[in-house]
Amino acid sequence: MASEPQETTSNIAKYKIAEPHDLSPRSQWLRDYYFKGLEREWNNEYDPYSTGTEWDRVWAELDFYIVPEAMGFMGKTVRGPFGSSIDLMGKPINLPENFWKKSLPERRMIFFEEVMVNYIPKEIVGPSLLAGSRFNAQLSKCFNEKEEKAFDKKLVKDIRPSVWKFHESGFGNLGATGGHLIADYKTIIEKGFKYVHKLAQEKYDSLSDREKRGPIGEEVRAMIHATLIPKKLAEKYQEECLRLAGEIEDPERKAEFEQMAKNLEVVPWEPAQTFWQAMQSLWMTHMLIMAEESYPGPGVSFGRLDQYLYPYYKKDVVEDGTVTKEFAKDILGSFWFHCNTAYDGQMRVGGNQGITAGFGQLMTLSGCGPNGEDLSNKLTYTMLEVIDEWSPILEPKPNVRLHRNTPDKMLDTVVDMVTRSQGAPFLLNFDERSIEGMVLEGIPREDAWDYACVGCLENTMQGNDRSGTVNCNPNISKSLELTLWNGGSKFFKGKPTKKIAKFGPKTGNPEDFTTWEEFWAAWEQQIKYLVQYTVETYNKCENMRAEYLPTPYLSTIVRGCIDKGLDIRNGGPEIRFITIEGVGFATLVDSLLAIKHFVYDEKKYTIAELKEALVNNFQGKKEYEIMQTMLKNRGPKYGNDLDEADEIARRVMETWSQETFKYKTDTDFQFRGGMLSWNYWAGEDAAYTGATPNGRLAGTFLSNAICPTNGADVNGPTSVTNSVGMALGGKAEDGRYINYLPNGASHTITFTPSLLREDEAKDKFKAYLRGYIENGGTALQINILDANMLVDAQKHPENYPHLLVRITGYNTYFVSIGKELQDEIIKREMHNM
């Protein structure tokens, strides 16, 4: 859809943007109703519930340490403004007499059932075909008074100070956050919670009397209880459907309510028999995860649902014809609607009714099979139709897997959908390199092909994996500051300090180094320290979560937890990782390149001169300004397919990856490396970073994920692609892909709208994607943007409420982000084919 200027009148956009199209009346109603926001008579806003005790805690700030902008609202008191407000809003729940005699995991499940089954209203929204509406619950942590006092003491005396020091000193952010996983939806759809209940009961029966009295027995009893909650909730919704069927006069809607009641009689307790039942089972299972974690949306993803749902779609739609394709799309449309209501929790906050991009309920579509064969099916293409017709909208976020054997039909569909949008409605993942990353972290090659994505683009396995994909987000450019100041931190909150704070090891005064190799060796020690400091600080959060914040319901649907009798947060899953996502990769690489080129190769500047300019932010003297210009514009830069630059990038990545793999949590999760960045490169982590040797000014944006520094990629998209692939390891001599980052790495690229106008350009773009499969990274997101349109949207945001742009692994509405980030997107290098 071309962004051609159109005649401007009041409340009409000057430039045409992507719009929904060809929606059925039902889907149109649901989409329109969703965007009414505060004007709706129904909403899914946050709904806090309390035990009613004076010490009760509803909000746990640990989940939000990875949102450093929220730290100011946590305050210096035990609860802080956020916690105190939510605690005061909590509705007291009637609890059974023996509640406080139960263990913490058991109390959590008693409370969870009471809220979800007996307190939260059961409603069917409009013409939706799926039951399960309100899930934005904020649940009491169910601490007794002793547990609450212990929790508060650890939080205030140790956890909070450690995490805040890490952040304010410019090291980035971290925290044991929720979401970011794929539950075992496939098993629930195929076998039902009845099967999982049987597994949990059998596990408990196998325990010794001593084990039953201990922590394992407590956890497994909570799991047994948890498996019954979806059945009880379905019964409540079944009653509501029958009530509505008895009241409505419209025979068609009456029949729908009756069938919904029949579906709920079966799922999610029993195996699904139809496509409609499979979707109902999927949705109810999913919404309960978000409710239990009291962290609705972020990263709770669906996996390869076009694969595990296809047998039901194939039988009902393709073979038997008992369900029309259009009705199946309406079932999917109902699913789309409910996924988006996760944002209702923020609808009174900020612009655009709180619809930002903080969530990421990903679905993974297409991709290869165990022998490299393409697994696209008719449901894959139907889902792509729904995505295209509903866009622009944020949830569920689709990722499309491409590979060497992706058929032209899929590539044509992808290209057409990209060119009809501004910020592509999906992110592309590339199988061959991604699979090698999964193998690197220890996934058997015979299983690694079945990976899927969570959050933004992060690669995990399905149903048995929790990889903590956004828990640790260190600013890796900080390692250069430590190198330049002999292990010391010269900047605090981005400002130079008189006293240098001691952090890293003493690796020598770099002013005395005579060779690049000496400087590199010192930097290696500092980046190793940065990883160690990240791990040590993070483990405090991890241990706190494992001890005090169990999630037995979620644990029942992640394989390994029942077998071990351990919570998902305490070492239960079969596959366990915590990802350390480096922020500012190109800032670091270009800074190392600048030091090598200007200090050691050309000998134009000394380390002392460079440090002096950095402390003064390249301001105050003419020579500082000249130096900044040289550093920014005259040296080699990552992103241009230059051998020297790409080799430094590769060495940095290899060092980073190898170092992260050296550590484990106390709860037996293995650390691994990634490069994501979310908003950190543009938020407080950037603001708290002093000037850097690539010519970047203090407080300005860092580089975005694995992308080149803004404006540095001057040789075109193919050169950028080749550099990204080389940074991840390139290929071995035998042609095998290398991928240092199992988690994956976010690469965003922007093209001009000329791609929209000519078939020849589309063919070139298709060829570019084939080339990316061969030589690029693990994940690519595409913007098709006209800078003039974005400038007009800044001036008239009311005319562009649904203009989507891609940031770093996710898309969001342009008008809902801050002006600084808007400016950054406008200034991005825009490529032609």
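Data block above holds the structure.
Residues numbered from 1 in each chain as written. Predicted model: local features only at pLDDT ≥ 70, side-chain atom pairs only at ≥ 80, totals over all residues. Heavy atoms only, no water.

**Q** Got a minute to help me understand the overall build of the chain in this structure?
**A** The helix and strand inventory of the chain stands at 30 helices and 22 strands. The C-alpha radius of gyration computed for the chain amounts to 26 Å, which stays within 12% of the reference 28 Å derived for 833 residues, consistent with globular compactness. Referenced to the eigenvectors of the C-alpha coordinate spread, the extents of the chain come out at roughly 85 × 65 × 55 Å. The buried share of the chain, reckoned over its 833 residues, is 65%. A sequence separation of at least 24 residues applies to 77% of the contacts in the chain between residues at least 6 apart. Accessible surface computed for the chain: about 29200 Å², of which carbon and sulfur atoms make up 50%. Across the chain, the mean location of the 97 positive side-chain charges is 5 Å away from that of the 118 negative side-chain charges. (Helix = DSSP H or I, 4+ residues; strand = E, 2+ residues; numbered from the N terminus. Rg over C-alpha atoms; globule rule 2.2 N^0.38 Å. Buried < 20%, exposed > 50% of the residue type's maximum accessible area, 1.4 Å probe, protein only. Contact = heavy atoms within 4.5 Å. Areas by Shrake-Rupley, 256 points an atom, 1.4 Å probe, with all protein chains shown as cover. Lys, Arg positive; Asp, Glu negative; His and termini not counted. Charge placed at Lys NZ, Arg CZ, Asp CG, Glu CD.)

**Q** Looking at this model, I keep getting lost on the pattern of salt bridges. Mind explaining?
**A** Two side chains of opposite charge can pair, provided their charged atoms sit close to one another. In total, this model carries 57 salt bridges according to the counting rule given. The partner of Arg 79 in a salt bridge is Glu 148, with the nearest N and O atoms 3.0 Å apart. In this pair, Arg 79 is assigned in the loop between α2 (71–74) and α3 (80–89) and Glu 148 in helix α5 (residues 145–168), connecting sequence segments 69 residues apart. Judged by relative accessible area, Arg 79 falls into the buried class, the value being 16%. Residue Glu 148 is classed as buried on the basis of its relative accessible area, which comes to 2%. (Salt bridge = Lys/Arg side-chain N within 4 Å of Asp/Glu carboxyl O.)

**Q** What exactly am I supposed to notice about the pairing of strand β8 (residues 397–402) here?
**A** Two faces make up the sheet, and in a regular strand the side chains alternate between them. Summarising burial for β8: 6 of the 6 residues are buried, a large majority. The alternating pattern of β8 places Lys 397, Asn 399 and Arg 401 on one face and Pro 398, Val 400 and Leu 402 on the opposite face, and all of these are buried. Pairing analysis gives 5 bridges linking strand β7 (residues 362–366) to β8, with the strands arranged parallel. Considered in β8, the bridge of Met 363 is made with Pro 398. In this fold, the crossover linking β7 to β8 by way of helix α14 (residues 378–390) has right-handed handedness. Here 4 bridges tie β8 to strand β9 (residues 427–430), and the two strands are oriented parallel to one another. For Arg 401, the partnering residue across the bridge sits in β9 and is Asn 429. (Pairing = 2+ DSSP bridges. Right-handed = clockwise from strand over helix to strand, strands pointing away.)

**Q** Quick question: what am I supposed to make of the sheet that holds strand β3 (residues 137–139) here?
**A** Strand-to-strand pairing in sheets goes through backbone hydrogen bonds, with the strands running parallel or antiparallel. Pairing within the open sheet is parallel, and its 3 strands lie in the order β2-β1-β3. Two strands bound the open sheet, and with one partner strand each, they are β2 (91–92) and β3. Across 3 bridges, the pairing between strand β1 (residues 47–50) and β3 is parallel. If you follow Pro 48 over to β3, its bridge partner there is Gln 138.

**Q** Explain helix α1 (residues 25–36) here, please?
**A** Residues that lie three or four places apart on an α-helix share one face, since the helix turns once every 3.6 residues. Between its first and last C-alpha atoms α1 spans 16 Å; for 12 residues at 1.5 Å apiece the expected length is 16 Å, and the two agree. Of all the residues in α1, the buried ones are Arg 26, Ser 27, Leu 30, Arg 31, Tyr 33, Tyr 34 and Phe 35. Positive phi appears at Gly 37, one or two residues downstream of α1, with a value of about 55°. (Expected span 1.5 Å × (residues − 1).)

**Q** Would you take a moment to explain the packing of α5 against helix α19 (residues 516–548) for this structure?
**A** Any two packed helices are characterised by the angle at which their axes cross and by the distance between the axes. At a minimum axis separation of 10 Å, α5 and α19 run at an interaxial angle of 160°. On the basis of the axis angle, α5 is roughly antiparallel to α19. In the packing of α5 onto α19, the handedness of the crossing is left-handed. Contacts between α5 and α19 pair Glu 147, Ala 150, Phe 151, Lys 154, Leu 155, Asp 158, Ile 159, Ser 162, Val 163, Lys 165 and Phe 166 from the former with Tyr 533, Thr 534, Thr 537, Lys 540, Cys 541, Met 544, Glu 547 and Tyr 548 from the latter. Taken together, the residues that form the contact of α5 with α19 break down as 10 nonpolar, 3 polar and 6 charged. (Axes fitted to C-alpha atoms, helices over the stretch in contact; angles between N-to-C directions. Parallel < 35°, antiparallel > 145°, perpendicular 65-115°, else oblique. Left-handed = near helix turned anticlockwise from the far one by under 90°. Nonpolar A, V, L, I, M, F, W, Y, C, P; charged D, E, K, R; others polar.)

**Q** I'm lost on the nonpolar core in this one. Help?
**A** Among soluble globular proteins, nonpolar side chains are generally buried collectively. Judged by nonpolar contacts, the single largest core of 219 residues is most densely connected at Leu 309, Phe 335 and Phe 585. The dominant element in this core, judged by the number of residues it contributes, is α19, at 15 residues. Non-local contacts of Phe 335, meaning those with residues more than four positions away in its chain, are made with Leu 130, Met 279, Leu 282, Trp 283, Phe 302, Leu 305, Met 363 and Pro 396. One finds Ile 66, Cys 456, Phe 814 and Ile 826 within the second-largest nonpolar core, a separate group that totals 31 residues. (Core = buried A, V, L, I, M, F, W, Y, C linked by side-chain atoms within 4.5 Å.)

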